[in-house]
Amino acid sequence: MNLQSIQELIKSSLSEKGNVFLHTKRGYRTNIVEGQQLYKKICALRSLLAKKGLKKKDKAIIIGYGSSEWVAAYFSCILSGITVVPLDLMTDE
């Protein structure tokens, strides 16, 4: 496998069927997120970003708790060519 970019690495990692990509814990429950599930979220978010007018070389800040939604937002930006600045939710002003 000769991957040329981070975008290719993300797409190839998510494409395998049944591949567990994330474990997220909320309260006492642990949710398993497969790569294909995450990829569907990423595609939907990429469409939303485009509808909102964000395009390649734009910049976006992501702030929030770590979750599958956070990962989807981050990867959506990367795959769309948007520069991402991730901020910790606990960052002081």
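Residues numbered from 1 in each chain as written. Predicted model: local features only at pLDDT ≥ 70, side-chain atom pairs only at ≥ 80, totals over all residues. Heavy atoms only, no water.

Draft legend 1. Expanded view of the overall build of the chain. Summing up its helical and strand segments, the chain has 3 helices and 4 strands in all. Listing the helices and strands of the chain from first to last along the sequence gives α-β-β-α-β-α-β. Dimensions of the chain along its principal axes, counting C-alpha atoms only, are 40 × 35 × 25 Å. Carbon and sulfur atoms provide 55% of the accessible area of the chain, an area that totals close to 6900 Å². (Helix = DSSP H or I, 4+ residues; strand = E, 2+ residues; numbered from the N terminus. Areas by Shrake-Rupley, 256 points an atom, 1.4 Å probe, with all protein chains shown as cover.)

Draft legend 2. Representation of the pattern of salt bridges within the structure. Evaluation of the coordinates by the stated rule reveals 3 salt bridges. Across the salt bridge formed by Glu 69 and Lys 41, the nearest N and O atoms sit 3.5 Å from each other. Note that Glu 69 is positioned in helix H3 (residues 68–80) and Lys 41 in helix H2 (residues 35–51), a separation of 28 residues in sequence. Here Lys 41 falls in the partly exposed class, since its relative accessible area comes to 31%. Close ionic contact of Asp 58 with Lys 55 constitutes a salt bridge, the shortest N to O distance being 3.8 Å. (Salt bridge = Lys/Arg side-chain N within 4 Å of Asp/Glu carboxyl O. Buried < 20%, exposed > 50% of the residue type's maximum accessible area, 1.4 Å probe, protein only.)

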